[in-house]
4 protein chains.
Amino acid sequence: MLKVAVVGATGYTGRELVQILACHPKVRLFCLTSESSAGLRFDQVYPQFRSLVELPLEKLTEVEALAESDFIFSALPHGLSLEMVPALLATGRPVVDLSGDFRLKDGELYRQWYGYNHDCRELLAASTYGLPEFNREAIGKSRFIANPGCYPTSVLLPLGPLLREGVIDPDEIVIDAKSGVSGAGRQAKLPFHFPECAENFKAYKVAEHQHTPEIEQELAAICNRPLRVAFTAHLVPMVRGILSTIYLRAVSGTGEQDLWAVYDRHFAGEPFIRLLRPPELPETKFVSGSNFCDITFRLDRRTGRLIVISVIDNLVKGAAGQAVQNMNIMQGWPEETGLKGVMPDEVS
Amino acid sequence: MLKVAVVGATGYTGRELVQILACHPKVRLFCLTSESSAGLRFDQVYPQFRSLVELPLEKLTEVEALAESDFIFSALPHGLSLEMVPALLATGRPVVDLSGDFRLKDGELYRQWYGYNHDCRELLAASTYGLPEFNREAIGKSRFIANPGCYPTSVLLPLGPLLREGVIDPDEIVIDAKSGVSGAGRQAKLPFHFPECAENFKAYKVAEHQHTPEIEQELAAICNRPLRVAFTAHLVPMVRGILSTIYLRAVSGTGEQDLWAVYDRHFAGEPFIRLLRPPELPETKFVSGSNFCDITFRLDRRTGRLIVISVIDNLVKGAAGQAVQNMNIMQGWPEETGLKGVMPDEVS
Amino acid sequence: MLKVAVVGATGYTGRELVQILACHPKVRLFCLTSESSAGLRFDQVYPQFRSLVELPLEKLTEVEALAESDFIFSALPHGLSLEMVPALLATGRPVVDLSGDFRLKDGELYRQWYGYNHDCRELLAASTYGLPEFNREAIGKSRFIANPGCYPTSVLLPLGPLLREGVIDPDEIVIDAKSGVSGAGRQAKLPFHFPECAENFKAYKVAEHQHTPEIEQELAAICNRPLRVAFTAHLVPMVRGILSTIYLRAVSGTGEQDLWAVYDRHFAGEPFIRLLRPPELPETKFVSGSNFCDITFRLDRRTGRLIVISVIDNLVKGAAGQAVQNMNIMQGWPEETGLKGVMPDEVS
Amino acid sequence: MLKVAVVGATGYTGRELVQILACHPKVRLFCLTSESSAGLRFDQVYPQFRSLVELPLEKLTEVEALAESDFIFSALPHGLSLEMVPALLATGRPVVDLSGDFRLKDGELYRQWYGYNHDCRELLAASTYGLPEFNREAIGKSRFIANPGCYPTSVLLPLGPLLREGVIDPDEIVIDAKSGVSGAGRQAKLPFHFPECAENFKAYKVAEHQHTPEIEQELAAICNRPLRVAFTAHLVPMVRGILSTIYLRAVSGTGEQDLWAVYDRHFAGEPFIRLLRPPELPETKFVSGSNFCDITFRLDRRTGRLIVISVIDNLVKGAAGQAVQNMNIMQGWPEETGLKGVMPDEVS
């Protein structure tokens, strides 16, 4: 059994990691850290886990078990991750970091989009962007994964094949994305206070969201040229789920059959991609609690627009599930290990 | 006091009409019809109204009070409205119809978008599209108003001034709209069953929504040329509210100041339009229960995109409130009469 | 026009006061204070009110307009109210205080239930408990009202007549009460963070809720003997509303007709009490946004239990609406003034 | 691998059975029936299950695979279950029926509480009430299980030990229970239409709920004397979960330590019961998606009341999870098999 550590275990992505890893047949939860709840047990913070996961929570700087762990997940908030991950890497253990702090290759971008000066730029070059469907081989050889953001995952998976095969115009990409509130993390703040948030819908960080350069970087890598996307994030009064509606222009002469062929070819054998044929349309509930990304599109003849729609669970395929998928690849295990048991969790 | 009738009073838009009209200082609720609940009183269907509105509900075909009413609102579902409105008009009373059955000038479009053959095409020519901010004068002279759809209201208000002044490219309009569940009406169906709908988000009728030709018709009228828009509707797990995110291309040389100038000029003195300056962004809760449309935009220099965002309450400015606004204009009353008292209703 | 001040205008009860008072035909909002948002305008904190209420927010200690106000509502949190209300009273203006700090006549109880030492005990004797249905005359003569708590209002209204007429056993009262989240106030805390609170239901402060002695004090006053009640509060994942289910023992020989007779007699002419006859049952939505309390009961012959159910909007009849009702009585105005226009606000 | 059939697989309890059984290491989903969706595949009704469970749905009367199944779960609605279960039993296979049709031993009660005449009374004697914590031995020998109702499960588990040891007064039991909307089943009806149900809370079937005699029958069996309980059900605007607040009188001389001792003794070694010590209080989210029942109590010295609180997931421990627990016992497998992997599913 692989002994795994989860650094930052009491945030929502940390908690989701614990849940998935507790059921994973090849690992043992070995060490959990929490800056805010050190001294308590995990199940005292999340009573759901009583009698299931009763490990102590320790401060990262005081934990000794970390050095004895075989594999480290870091689920710290961005900014803090930048400070702590170098020490995690120094243990020599493989590290999957779920923050945004090591995803952008161009360190300058952090000043503009994250509002801080990135002072570990050498690590930006060292990290591997952990999107298995496009990067499986590199992930398999890497010791340091920058796990993709939730919004980027929901965007890169449906756009990647289209860009790679050149069937859409890279200069005409509009992404309208909607997320449940767990994406905002576990810290209580007024915009996420129940009476403010329930029965409400809004856009936020318009033209300023820090996932924009991440999307652009990875799309550019896929089509070998720079590009810019319009990206808008919205907050949905629900706990989990992201749906992205993406407006594109197919290149002249590309029909529906061509587009399905592109998807079928690229995603054949992918364990966590499901293509939905018309008249089916994805709903966030279809992937709630699972590591799937469901994708469909409509080619609108009237307007010439191609409309692509994807859904993921922001905490699973958009965070913890994808992190475990990356670990499976790094360890040479079947990619679904411990993830197909993460079944859809909602009544409907 | 003007004696008003509400035909189809027990649907959600009918109910909202009753609520607003019950507080309107210049009218008296005189006659309510309901096909599904005839024989009951209004407050038996909506116990909220006990001791407030206890009028009987009658079948439209059996009601005698209709002929004695001074003004008729019709809130029947589309299809049924087509059948019933001619008789309402035959009473000689002014009629505001809240359905989509008389909004499209080109009768052929009904077959394609609504799935029926429109057999009262002469009435299409007779109706006035009731969007006061662009059509106030014609409304004042009309006896038959086709009250705008909820999504079109949320789109036409922010787009109208931009198109009229030629500051955006009419061929590059992408509308991503999101609505609360009351927009689907009061009939119980599986997609709106609480366990299916709560904690879920989805797109629906992609590239097929019947509000698309209504938006195109009215935008075309504003800019004097045909155009087509990409329009996608989504369902938000909340009761009320619509937010539309609209992606545009400003024409070369148009800056933020120019765009604000357009809006300020067009909406100066408008009682129900509120412009939000950055950093403010609209939220559906800001207009819940009120007749306001809140609008803002961001001009994204990186991508050259103009992103416009609007919010309305789908049942007020998107339906009943706008219908009453139209009545006020038709009667020559101050336009806010009975509508400024419709205050924001949510705790937050 | 009466010039009114709202002290603590940006909490949820303060905000609700502003909304109701802004539409009240006999008052003018004159002065708003906020410790947390001083320097902003009210509509900057609540953008719902843009173009409706744009008054500045001032610190209570710095506000000069207070002395020129004719009537003061205090909506400060408990504890702070204790500190500030003496100064408000010193202005000589009538004061309605919405906190719990002046409701309990026995000052000792504050230590046990509120966790502080009450050092203004002389003001406890000076305050009048503002439940109009049982205390109208005293309210009319008072200059200082302790406005009832939300839970107590939902309990005292249905229990009062039964106790006063001696038709139930005062030693067998079990109250199971459920409230929406706005009752917890506007401060962001983890238990009210959307992802924690949505899709969740729980009891809280079991056998320790500070509204318990308030209920006991007022029931004791009604039946002229001390008594104790079992009271449990629960949190419902919704914004507004309280429903109380109350389990009682009717005294021997009391039948359904007797009980209805008690209610009919006591509540005849009450503008804000609605009695629901079987098979009707109250729902919180029926009173959302209104000042009504809806009440029904079932006498269960199998068990001999009497089950009484009541609903109110915690922010209206449970706070701001009742405060305005008290002002109307103090001013000698018709009791519904400005409150019947507070119509039911939900679509359904 | 045991070949299992799920009859009525597309209702919410059927769906939950499919989810649990699909991950159960000792069974194979072999046959699914659905009257409403026969002809479709399971994943067409629940797209969550695409690529996971793609079995065809067949009409019960036409299915041949049933006879080849080794074990049958029936999740039909009550009434229909009465008609169909005799044929299921005639196959000779063990049957777990999740409806209420075979739970009451006194056939007369069906007329009063379920509104129909029970014409298979001999099967009432043949069925075993499937509450493992009180009936494990009989379940192990049974071929026909009447799986407990959701509310009764939440009530019997916390009350059973107290009654069995005689530490509470059996004539003073008040149960105030609250359930999420999935408990109402999957059929779309107006009370469960999202706009009616969201932001609303209500009691229903007051003094008439059909789970009342089931609770009384089983409590009577535990304490060997007849008794009656006051039971009120409420609807919470959330999908899953039941919380029951139970008001009791402890017998004279019974203190907190005695009560904890009773619980500790009775539930020692129980895999799915978790006792929460003060200050902890159960929340429905703590058991969402799991087979646990969490229990606590407070002995209120002021009033002499004992307040017991329990939570379950109505679809798991209240239905499908308990049914699988019963199968495990009947098959002689460890009781947690396939159920401890059903981990808490909510983000928080």
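A quick note: this is a predicted structure, and the numbers were derived from the prediction, not measured. (Residues numbered from 1 in each chain as written. Chains lettered and ligands numbered in written order. Predicted model: local features only at pLDDT ≥ 70, side-chain atom pairs only at ≥ 80, totals over all residues. Heavy atoms only, no water.)

Q: Sorry, what's going on with the relation of the copies chain D and chain B here?
A: The operation relating the pair of chain copies consists of a rotation about an axis and a translation along that axis. You can overlay chain D on chain B at an RMSD of 0.0 Å; the transform is a turn of 180° with a shift of 0.0 Å along its axis. In the structure described here, the two chain copies are related by an operation that fits a two-fold rotation axis. Looking at the interface residues of chain D, 100% of them are also at the interface in chain B, so both copies use one shared face. (Least-squares fit on C-alpha atoms with pLDDT ≥ 70 in both. Contact = heavy atoms within 4.5 Å.)

Q: It is not clear to me how the environment of Y46(A) should be interpreted in this structure. Could you clarify?
A: All names here are of chain A. By secondary structure assignment, the location of Y46 is in the loop between α2 (42-45) and β3 (57-58). Exposure remark for Y46: the relative accessible area of 1% places this residue in the buried category. In this structure the side chain of Y46 is engaged in a polar contact, spanning 2.8 Å, whose partner is the backbone oxygen of T10. (Helix = DSSP H or I, 4+ residues; strand = E, 2+ residues; numbered from the N terminus. Buried < 20%, exposed > 50% of the residue type's maximum accessible area, 1.4 Å probe, protein only. Polar contact = N/O pair within 3.5 Å; in protein donor to acceptor, adjacent residues only side chain to side chain.)

Q: Mind showing me how you'd approach the packing of helix α7 (residues 150-164) of chain C against helix α9 (residues 211-223) of chain C here?
A: A pair of packed helices is characterised by two quantities: the angle between their axes and the separation of those axes. Residue and element names in this part refer to chain C. Close contact between α7 and α9 brings their axes to 10 Å; oriented N to C, the two are set at 25°. The angle between α7 and α9 falls in the class roughly parallel. Crossing angle aside, the handedness with which α7 passes α9 is right-handed. Across the interface between the two elements, C150, Y151, P152, V155, L156, L159, G160, L163 and R164 of α7 pack against H211, E214, I215, E218, L219, I222 and C223 of α9. In terms of residue class, the contact of α7 with α9 is made up of 11 nonpolar, 2 polar and 3 charged. (Axes fitted to C-alpha atoms, helices over the stretch in contact; angles between N-to-C directions. Parallel < 35°, antiparallel > 145°, perpendicular 65-115°, else oblique. Left-handed = near helix turned anticlockwise from the far one by under 90°. Nonpolar A, V, L, I, M, F, W, Y, C, P; charged D, E, K, R; others polar.)

Q: Sorry, what's going on with the pattern of salt bridges here?
A: Pairing of side chains with opposite charge becomes possible as their charged atoms draw close. Inspection of every chain in the model, using the stated rule, returns 92 salt bridges over all chains. With its nearest N and O atoms 2.6 Å apart, the salt bridge here joins R225(A) to D171(A). Of the two residues, R225(A) is situated in the loop between α9 (211-223) and β10 (230-235) and D171(A) in the loop between α7 (150-164) and β8 (174-179); the sequence distance between them amounts to 54 residues. Judged by its relative accessible area of 41%, D171(A) falls in the partly exposed class. The closest approach of N and O atoms between R274(C) and D294(C), which form a salt bridge, is 2.8 Å. Here R274(C), found in strand β12 (residues 273-275), pairs with D294(C), found in strand β13 (residues 293-300); they are 20 residues apart in sequence, far enough to count as distant. Taking the relative accessible area as the measure of exposure, R274(C) reaches 3% and is therefore buried. (Salt bridge = Lys/Arg side-chain N within 4 Å of Asp/Glu carboxyl O.)

Q: When you look at the interface of chain D and chain B in this model, what are you seeing that I'm missing?
A: One widely used convention gives an interface's size as the accessible area the parts lose upon coming together. On the side of chain B, 19 residues touch chain D, which itself brings 19 residues to the contact. Taken over both partners, the interface formed by chain D and chain B buries close to 1,600 Å², and the fraction arising from carbon and sulfur atoms is 68%. On the chain D side of the contact with chain B, H193(D), F194(D) and P195(D) bury the most area, a combined 39% of that side's loss. Counting across the interface, chain D meets chain B through 2 salt bridges. The residue R186(D) makes a salt bridge to E196(B) at a minimum N-O spacing of 3.4 Å. On the surface where chain D and chain B come into contact, there are 8 residue pairs in polar contact (both at pLDDT 80 or more). If you tally residues by element for the side of chain D that touches chain B, the top one is helix α8 (residues 194-197) of chain D, at 4 residues. Class assignment for the residues of the side of chain D that touches chain B results in 12 nonpolar, 4 polar and 3 charged. (Buried area = accessible area lost by both parts, 1.4 Å probe.)

Q: Any chance you could explain helix α6 (residues 132-141) of chain B here in plain terms?
A: An α-helical turn contains 3.6 residues, so a residue and the one three or four places further along point in the same direction. Residues and elements named next belong to chain B. Turning to α6, its buried residues number three or more, namely P132, E133, F134 and I139. Angular distribution of buried residues about the axis of α6 spans 140°; they occupy a single face of the element. Away from its buried face, by an angle of more than 90 degrees, α6 presents the exposed residues E137 and K141. (Arc of directions from axis to C-beta.)

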